[in-house]
Amino acid sequence: MTTSEIRNPQSEIFDSNSYLNMELLRFTTAGSVDDGKSTLIGRLLYDSKSIFEDQYENIKATSERRGESTVNLALFTDGLKAEREQGITIDVAYRYFSTPKRKFIIADTPGHIQYTRNMVTGASTANLAIILVDARQGIVEQTRRHSIIASLLGIPHIAVCINKMDLVNHEEAVFNNIVAEYREFATRLKTKDIHFIPISALNGDNVVHRSENMKWCEGVTLMYLLENIHIASDINHIDMRFPVQYVVRPYSDEFHDYRGYAGRISSGVIRKGDKVIVLPSGFTSTVKSVELDGKELKEAFAPLSVTVQLEDDIDISRGDMLVREGNVPKQSQDIEAMVCWMGEKPIQLNGKYFLKHTSKEVRAVVKEIKYKMDINSLHRITENPSIGMNDVGRISLRTTAPLCFDAYTKNRDTGSFILIEEGSNVTVGACMIID
Amino acid sequence: MSYTLNHLKTLEAESIFVLREVAAQFQNPAILFSGGKDSILVTYLAKKAFYPAPIPFPLVHIDTGHNFEETITYRDNLVKKLNVKLIVGSVQESIDTGRVAEEKGYSASRIRLQTTTLLDTIEKYKFDCCMGGARRDEEKARAKERFFSHRDEFGQWDPKNQRPELWNLFNGKMQVGENFRVFPISNWTELDVWQYLAMEGIEMPSLYFSHKRRVFDRDGTLLAESPYIPMKPTEVVEEMVVRFRTIGDITSTGATLSTAATLDDIIQEVASSRTTERGGRADDKRSESSMEDRKKEGYF
Ligand SMILES: Nc1nc2c(ncn2[C@@H]2O[C@H](COP(=O)(O)OP(=O)(O)O)[C@@H](O)[C@H]2O)c(=O)[nH]1
């Protein structure tokens, strides 16, 4: 291996301190089969110089073996063997690349309706969703479904990429018609920040480099959007929520009476001196220190993992939540939620499940299945609704102990939970709490 | 006031969260320690996660017996420094007791044999969760791996039947006899790891830095001269200035020509490198799907 001698001219100027200012952006990609999703990801990686030579040689060899005339960039995102053989992606695959501005995590998910659960998984942590549209076909059922899922999962930003513009002569009118139709549909979505970009993933137009063929396009390239879209305010920095994950007790001579509450801040800011309430007990105390690795922090904010000490000795364990006086979440044993079902067996009315919410685990019984939602149209089916695998619907649950929660639209962390089937222990439901 | 985190702090927070989930959800978890930078990183993150309490997991080293001396020295120092328990699972012992048979020939390797030793060690100590330093960007088969990866009672991975993993809610529930592999640094890239190690000033094994070493070329991979690697008559040893991008079993770890002598040099080199780190690993070259096959059998 002497290839380390070969240098990438772009990164000669790599500044080893620049990374201290890089932000992390997570995005999902969804599209119907053949819309060009794999080609687009391959293109983003290739044009941003994130494909390594040995990987490139690998896909080049595979392309040749398959008798393809050009190097098929789509092969780069191919995953497991079985899927390679079937020629389709069936799970969530994670991809990484970075530019001097940001580090990116792509959750690459399949688009077919039978993989809704994978799309939901990828969407659950994303800042942005890329929705691909084939310029020749315009908006199809899957476009609507992917957008609805992105909106349901609270992804704050959507980039609608109208692909294969080369196959419609790069015509502005085609683009404008699709944008108009999407805008009308999007009035029903919760996500309000929507961007439209005409691209050719195959040729690279408007992906990383501006298109020479679409001079009429005044917007930015996809890469520019990914690098510059404002994401810092997507996190809730107002409502302090600190679920206690683990209690740190060293039992050593040096730290004899030490009792630290370890956790990851869900939202808001926590500082030394803050008056806090412990839920569900309702005891109050004052923050003695916020620290990590023995170093005290002036303040800490979501999504940092820290350890908090309190002035008073109260009984606190995993599953409790520290919040601020005057700003408390709801507490109840009756929960209303949208569910995306992932289990093989449909959701059971009066069925019992384990429920995981923040660091708390309880059991829950399904009291009511209110409706199933047609995720292609948002239409509600209320007559004898049955929610099976890949279905989305609204349910009411009763839990064995109260949960401390916020609406999902206000807080993706304290507003979400999963249901686990008893016996098999499989995760069967992804749930978003409704106000 | 703007509350933004850079990507390294974001990754650190995520990994610490995962480590704490493991401590909370499992009875008897362990860290699989290979001696490489990724498991060193996991160990240091674990120290941060639980400070001032000691790391609540032992380090488990599945030792092929074909080590670089430097790896063992580093391991033993680290164990002392962080006051953590070390458990060694020996492949040599698996061979001696007839659990596995040594491969023969020039490209004989103990990589495959490790799987049996690992599964035996898990069984012996009744670990219900083993954490590893694998990253999703390392290799195709890993791109779909979960943070919490469920293994059946034979330790096998079923890529088609993985539990969905939503938000930050990790489901570590299992039946008796099953166990989990957990990968706290799933979302880190090679560059992230080096940047973080530099930012934190963590001392690393000398093998990662440029040094003079007697090596020979085998099918494009520079292997270290070692009593554990039989050489073909046509292979010639030469002294070169090299470093290792990954550290594993000596028989399958390739060196790269490099003058990178500091962490900053390494960051520069990795940032401008045009090959993946696993490009130098003979164990991955055997077939296009080799890693995936090994993972299914229970390899890390
Ligand atoms: N002409 C043209 N073809 C494209 C473009 N993007 C993708 N394709 C082709 O469309 C087909 C499907 O693309 P692929 O990326 O595999 O789609 P996926 O199923 O969405 O991942 C392939 O033959 C691609 O070469 C484009 O921008 N223009």
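Note that the structure is a prediction, hence the values are computed from the model and not measured.

The rules behind the values
- Residues numbered from 1 in each chain as written.
- Chains lettered and ligands numbered in written order.
- Predicted model: local features only at pLDDT ≥ 70, side-chain atom pairs only at ≥ 80, totals over all residues.
- Heavy atoms only, no water.
- Pairing = 2+ DSSP bridges.
- Helix = DSSP H or I, 4+ residues; strand = E, 2+ residues; numbered from the N terminus.
- Axes fitted to C-alpha atoms, helices over the stretch in contact; angles between N-to-C directions.
- Contact = heavy atoms within 4.5 Å.
- Domains from an automatic or database assignment.
- Buried area = accessible area lost by both parts, 1.4 Å probe.
- Polar contact = N/O pair within 3.5 Å; in protein donor to acceptor, adjacent residues only side chain to side chain.
- Nonpolar A, V, L, I, M, F, W, Y, C, P; charged D, E, K, R; others polar.
- Parallel < 35°, antiparallel > 145°, perpendicular 65-115°, else oblique.
- Near = heavy atom within 4 Å.
- Areas by Shrake-Rupley, 256 points an atom, 1.4 Å probe, with all protein chains shown as cover.
- Salt bridge = Lys/Arg side-chain N within 4 Å of Asp/Glu carboxyl O.
- Core = buried A, V, L, I, M, F, W, Y, C linked by side-chain atoms within 4.5 Å.
- Buried < 20%, exposed > 50% of the residue type's maximum accessible area, 1.4 Å probe, protein only.
- Disulfide = S-S within 2.5 Å.
- Left-handed = near helix turned anticlockwise from the far one by under 90°.
- Expected span 1.5 Å × (residues − 1).

1. Description of the sheet that holds strand β6 (residues 193-198) of chain A
All names here are of chain A. Spatially, the six strands line up as an open sheet ordered β2-β3-β1-β4-β5-β6, and their pairing is mixed. If you trace the sheet from one side to the other, it starts and ends with β2 (93-98) and β6, each paired once. Strand-to-strand twist of the sheet, defined as the mean angle between neighbouring strand axes without regard to direction, takes the value 25°. Pairing of β2 with strand β3 (residues 102-108), which is carried by six bridges, proceeds in the antiparallel orientation. Note that in β3 the partner of Arg 95 across the bridge is Ile 106. Packed onto the sheet, helix α1 (residues 37-47) meets β1 (23-30), β2, β3 and β4 (128-134) and runs at close to 155° relative to β1. Docked against the sheet, helix α5 (residues 141-152) engages β1, β4 and β5 (157-163), running at close to 175° with respect to β4.

2. Observations regarding the domain arrangement of chain B
Interface size is often expressed as the accessible area that is lost when the parts come together. Residues and elements named next belong to chain B. Each assigned domain of chain B is listed with its residue range as follows: domain 1 (7-191 + 288-297) and domain 2 (203-283). Centre-to-centre separation of domain 1 and domain 2, based on C-alpha positions: 23 Å. Of the residues lining the interface, 29 residues belong to domain 1; the matching set on domain 2 comes to 29 residues. Regarding the contact of domain 1 and domain 2, the summed buried area is about 2,500 Å², with carbon and sulfur atoms giving 57% of it. Taken together, the links from domain 1 to domain 2 amount to seven residue pairs in polar contact (both at pLDDT 80 or more). Mapped by element, the contributors of at least two residues to the side of domain 1 that touches domain 2 are α2 (37-50), α3 (69-82), α6 (190-200) and α9 (290-297). A breakdown of the residues in the side of domain 1 that touches domain 2 according to their chemical character gives eight nonpolar, twelve polar and nine charged.

3. Looking at unusual backbone geometry
Between Leu 279 of chain A and Pro 280 of chain A the backbone carries a cis peptide bond, its omega angle lying at 5°. Its location among the elements puts Pro 280 of chain A in the loop between β11 (275-279) and β12 (284-292). The omega angle of the peptide bond from Tyr 51 of chain B to Pro 52 of chain B is 5°, so this bond is cis rather than trans. Within the secondary structure, Pro 52 of chain B sits in the loop between α2 and β2 (59-63). Non-glycine residue Asn 169 of chain A carries a positive phi angle of around 55°.

4. A few points about the packing of α2 of chain B against α3 of chain B
Residues and elements named next belong to chain B. With their axes 12 Å apart at the nearest point, α2 and α3 run at an angle of 5° to one another. By the angle class used here, α2 and α3 are roughly parallel. Taking contact as the criterion, the partners of Ile 40, Thr 43, Tyr 44 and Lys 47 in α2 are, on α3, Tyr 74, Leu 78, Lys 81 and Leu 82. Each residue belonging to the contact of α2 with α3 can be placed in one class, and the counts come to five nonpolar, one polar and two charged.

5. Some thoughts on the site of the ligand
Residue and element names in this part refer to chain A. What surrounds the ligand is a group of 16 residues, the closest being Asp 34, Lys 37, Ser 38, Thr 39 and Asp 166. A distance of 3.0 Å is found between an oxygen atom of the ligand and a side-chain nitrogen or oxygen belonging to Asn 163. Residue Leu 202 places a main-chain N or O atom 3.2 Å away from an oxygen atom belonging to the ligand. About the coverage of the ligand: the protein hides 75% of its 580 Å² of free accessible area. When residues in the shell around the ligand are grouped by element, the largest group, three residues, is from α1. Of the residues belonging to the shell around the ligand, the class tally is five nonpolar, six polar and five charged.

6. With respect to the pattern of salt bridges
With the rule as written, the count across this model stands at 38 salt bridges over all chains. Across the pair Asp 134 of chain A and Arg 136 of chain A runs a salt bridge, and its minimum N-O distance is 2.9 Å.

7. Some details on the nonpolar core
The tendency in soluble globular proteins is for nonpolar side chains to be buried as a group. Membership of the largest hydrophobic core comes to 63 residues, with the highest contact counts inside it found for Leu 19, Phe 57, Phe 148, Val 182, Trp 194 and Met 204 of chain B. Looking at which domains feed residues into this core, each of domain 1 (7-191 + 288-297) and domain 2 (203-283) of chain B supplies at least three. Apart from the residues within four sequence positions on either side, Phe 57 of chain B is in contact with Leu 19, Val 22, Ala 23, Pro 29, Ala 30, Ile 31, Ala 46, Phe 50, Val 84 and Met 131 of chain B. One finds Ala 135, Ile 148, Met 338 and Ile 375 of chain A within the second-largest nonpolar core, a separate group that totals 48 residues.

8. Considering the state of the cysteines
All names here are of chain A. Here the structure, examined in full by the defined rule, presents zero disulfides over all chains. Of all cysteine sulfurs, the one in Cys 217 lies closest to Cys 161, which takes part in no disulfide; the gap is 11 Å. The buried category is assigned to Cys 161, whose relative accessible area is 0%. Cysteine Cys 340 remains unbridged, with the sulfur of Cys 431 as its closest cysteine sulfur at 8.9 Å. Note on Cys 340: relative accessible area 0%, which makes it buried.

9. A look at the sheet that holds strand β6 (residues 179-182) of chain B
Sheet strands associate in pairs through backbone hydrogen bonding, adopting either a parallel or an antiparallel arrangement. All names here are of chain B. Pairing within the open sheet is mixed, and its six strands lie in the order β3-β2-β1-β4-β6-β5. Unpaired on one side and paired on the other, β3 (86-90) and β5 (148-151) mark the two borders of the sheet. With strand direction ignored, the average angle separating the axes of adjacent strands in the sheet is 30°. Sheet analysis places β2 next to β3, joined by five bridges and oriented parallel. From the neighbouring strand, Val 60 faces β3, where its bridge partner is Ile 87. Sheet strands touched by helix α1 (residues 7-25): β1 (29-32), β4 (129-131), β5 and β6. Its angle to β5, the strand with the most contacts, is close to 40°. Packing of α3 onto the sheet brings it into contact with β2 and β3, and relative to β3 it is tilted by some 150°.

10. Points about the packing of α6 of chain B against helix α7 (residues 263-272) of chain B
All names here are of chain B. The contact between α6 and α7 brings their axes to 9 Å, and the two run at 165°. Classified by the angle between their axes, α6 and α7 sit roughly antiparallel to one another. The element α6 and its partner α7 pack so that their crossing is left-handed. For the pair formed by α6 and α7, the contact residues are Glu 190, Leu 191, Trp 194, Gln 195, Leu 197 and Ala 198 on the first element and Leu 263, Ile 266, Ile 267, Val 270 and Ala 271 on the second.

11. Quick look at α1 of chain B
Residue and element names in this part refer to chain B. Here α1 spans 27 Å end to end across 19 residues, near enough to the 27 Å set by a 1.5 Å rise per residue. Among the 19 residues that make up α1, 17 are buried, leaving the element largely enclosed by the rest of the structure. Taking the backbone nitrogen of Leu 8 as reference, a side-chain oxygen 2.9 Å away marks Asn 6 as the first, capping residue of α1.

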